[in-house]
Amino acid sequence: MPITGVFFIPSNPNASTAFATVTERLHSSLADEPIPVGRWALEHKLMRDTPSCLPASASQRPTQPRYMQFLSLTYFPNHGFIYTSPPPEKVPHTQHGAGTPGTVAPGAPSPASSTPIPQQTATPTQAPAPNSQDHSSMVMTTVPLPACSTLFQHFVYACQPFWCHRHTVTVPGGVVYDVGDFRVRIGDVRQTQPAARVRGTVVEIEWKGPSLVTSIASLFNQSKKAFGGPRDSGVPDDDGDSGIDMAFPEGLEEADIDAEYAATATLIREFWARLGIQGAREAILVQDIGRESKEQLRKLKQLGDQKARQPSTSIVGSGQQDEDPDPEAGVDVARQFMEIFRFNR
């Protein structure tokens, strides 16, 4: 699972976007020459619950808005992403922060104020390290891509007026570049519902260099193949034959994953700062970033403990193969896109 950062440069409806500027800066401001490697697209749909018509009692806490977001990315074709608020009784009263979601870079207007702030620097505000999953306020789920669209249509048809479709935005024809150790995706964000308009330009920066998080994800997927295959598949049952060193995660802790995200976020911000783009909003160390990586690390350690306790027992799977080989792929970047595309609604 690569570590990424998402930046959004808003634009006025009748003005040109920053797409051409970002593309030009990629070619003129960096030592490595950008190499175009493909195209990409996305679609994001936002739903929000409607407030009750009944008056609130004096002792009742003011309710926080609840969201349901649907996202599809062409470079994760096996599944779509659904990001939902938990039931009201499960929402924590206080949030302990990882980096502030959707951090506003200096030079961008504050969500709470309509007065622009003078632009001073192109580097977004530094965010703290990722927070623990224990204080999560949203639930991420992946489903097969056709089911994602079906579920959205179901909520639109069956759940109004309790849930309201606030908007649909798309990136219809983005461009992908490889730039040294980074992969950069650029695209114009176009709103199609409720009214057609251009919202701005989004840039995703993916770190392609050595990564502890990517290594854990790769090892976890290998362990699923080794220990989750059918009994007659011929898949080896021991670490030596499978090529999986189950001792690898034993010396790692969740704090190491947090440190990896924080260090890579610094690299991504430095890359973005070299482009000199003003007025961007960033989403890097958002709520629950790295949650799945930590869960994978815990499961790998459990597998290692199980092998240590039962060295002579073969571990075989149930004979079922997942249709989606990696259902958690892309959940971090999905959180980042969804934080940006909520647009403070």
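Above this text is the structure in question.
Keep in mind that what you see is a predicted model, and the values were worked out from it rather than measured.

## Here we look at the pattern of salt bridges
Link 1 in the chain: Considering all chains together, one arrives at 15 salt bridges under this definition.
Link 2 in the chain: Between arginine 25 and glutamate 24 there is a salt bridge, with its nearest N and O atoms 3.8 Å apart.

## Some remarks on the nonpolar core
Link 1 in the chain: Core analysis: the largest hydrophobic core is formed by 67 residues, its most contacted members being Leu26, Phe81, Val202, Phe271, Trp272, Phe337 and Phe341.
Link 2 in the chain: Formed by 10 residues, the second largest nonpolar core is a distinct cluster that contains Met47, Ile82, Cys148 and Phe155.

## A closer look at helix 5 (residues 254-275)
Link 1 in the chain: The end-to-end C-alpha distance of helix 5, which contains 22 residues, comes to 32 Å, matching closely the 32 Å that a straight helix rising 1.5 Å per residue would cover.
Link 2 in the chain: Among all positions of helix 5, only Ile257, Asp258, Glu260, Tyr261, Thr264, Ala265, Ile268, Arg269, Phe271, Trp272 and Leu275 are buried.

## Re the environment of valine 189
Link 1 in the chain: As for its placement among the helices and strands, valine 189 is situated in strand 8 (residues 182-193).
Link 2 in the chain: Valine 189 sits 13 residues away from valine 202 along the chain, and the two C-alpha atoms are 6.6 Å apart.
Link 3 in the chain: In contact with valine 189, other than residues within four places in its own chain, are Phe8, Val169, Thr170, Val171, Arg197, Val198, Arg199, Gly200, Thr201, Val202 and Phe341.

## Observations concerning empty space enclosed by the protein
Vacant regions in the atomic arrangement are exposed by a probe of water-molecule size rolled over the atoms.
Link 1 in the chain: One pass over the full model with this rule turns up one cavity of 30 Å³ or more.
Link 2 in the chain: Estimates place the volume of the largest cavity at around 40 Å³.
Link 3 in the chain: Elements that contribute at least two residues to the lining of the largest cavity include exactly helix 5 and helix 7 (331-341).
Link 4 in the chain: Each residue belonging to the lining of the largest cavity can be placed in one class, and the counts come to six nonpolar, two polar and one charged.

## Structural notes on helix 7
Link 1 in the chain: Of all 11 residues in helix 7, 11 are buried; the element is thus mostly enclosed.
Link 2 in the chain: Considered for burial, the residues of helix 7 that qualify are Val331, Asp332, Val333, Ala334, Arg335, Gln336, Phe337, Met338, Glu339, Ile340 and Phe341.
Link 3 in the chain: Just downstream of helix 7 lies phenylalanine 343, where phi reads positive at about 50°.

## As for unusual backbone geometry
Link 1 in the chain: With an omega dihedral of 0°, the bond running from glutamine 193 to proline 194 counts as a cis peptide bond.
Link 2 in the chain: Tracing the backbone shows proline 194 in the loop between strand 8 and strand 9 (197-207).
Link 3 in the chain: Within the chain, aspartate 288 stands out as a residue other than glycine whose phi angle is a positive 70°.

## A closer look at the packing of aromatic side chains
Link 1 in the chain: Inspection of the entire model under this criterion finds nine aromatic pairs.
Link 2 in the chain: Ring plane angle 75° and centroid distance 5.4 Å describe the contact between phenylalanine 70 and phenylalanine 152, whose orientation is recorded as edge-to-face. Of this pair, phenylalanine 70 sits in strand 3 (residues 67-73) while phenylalanine 152 sits in helix 2 (residues 145-158), and the two are 82 residues apart along the sequence. Summarising the burial analysis for this pair, phenylalanine 70 and phenylalanine 152 share the class buried.
Link 3 in the chain: Judged by centre distance (4.5 Å) and plane angle (35°), the rings of phenylalanine 182 and phenylalanine 271 are tilted. Remark: phenylalanine 271 occurs in helix 5 and phenylalanine 182 occurs in strand 8; sequence separation between them is 89 residues. Each member of the pair, phenylalanine 182 together with phenylalanine 271, is buried.
Link 4 in the chain: Positioned above the aromatic ring of tyrosine 75 is the side chain of arginine 185, whose terminal nitrogen or guanidinium carbon lies 3.7 Å from the ring centre.
Link 5 in the chain: Taking NZ or CZ as reference, arginine 342 lies 4.9 Å from the ring centre of tyrosine 67, over its face.

## With respect to the pairing of strand 9
When a strand is regular, its side chains alternate between the sheet's two faces.
Link 1 in the chain: Here strand 9 lies mainly inside the structure; 10 of its 11 residues are buried.
Link 2 in the chain: Bridge analysis of strand 1 (residues 4-10) against strand 9 gives seven bridges, and the strand direction is antiparallel. When the bridges of strand 9 are listed, threonine 4 appears paired with glutamate 206.
Link 3 in the chain: Sheet topology note: the strand 8/strand 9 ladder contains 10 bridges and is antiparallel. Counted as the bridge partner of isoleucine 186 is valine 203 from strand 9.

Thresholds applied
- Residues numbered from 1 in each chain as written.
- Predicted model: local features only at pLDDT ≥ 70, side-chain atom pairs only at ≥ 80, totals over all residues.
- Heavy atoms only, no water.
- Salt bridge = Lys/Arg side-chain N within 4 Å of Asp/Glu carboxyl O.
- Core = buried A, V, L, I, M, F, W, Y, C linked by side-chain atoms within 4.5 Å.
- Buried < 20%, exposed > 50% of the residue type's maximum accessible area, 1.4 Å probe, protein only.
- Helix = DSSP H or I, 4+ residues; strand = E, 2+ residues; numbered from the N terminus.
- Expected span 1.5 Å × (residues − 1).
- Contact = heavy atoms within 4.5 Å.
- 1 Å grid on protein atoms, 1.4 Å probe; cavity = no way out; pocket = protein on both sides within 12 Å on 5 of 7 lines; lining within 4 Å.
- Points joined across faces, edges and corners; volume = space filled by probe spheres on them.
- Nonpolar A, V, L, I, M, F, W, Y, C, P; charged D, E, K, R; others polar.
- Phe/Tyr/Trp six-rings, centres within 6.5 Å; stacked < 30°, edge-to-face > 60°.
- Lys NZ or Arg CZ within 6 Å of the ring centre and 35° of its normal.
- Pairing = 2+ DSSP bridges.

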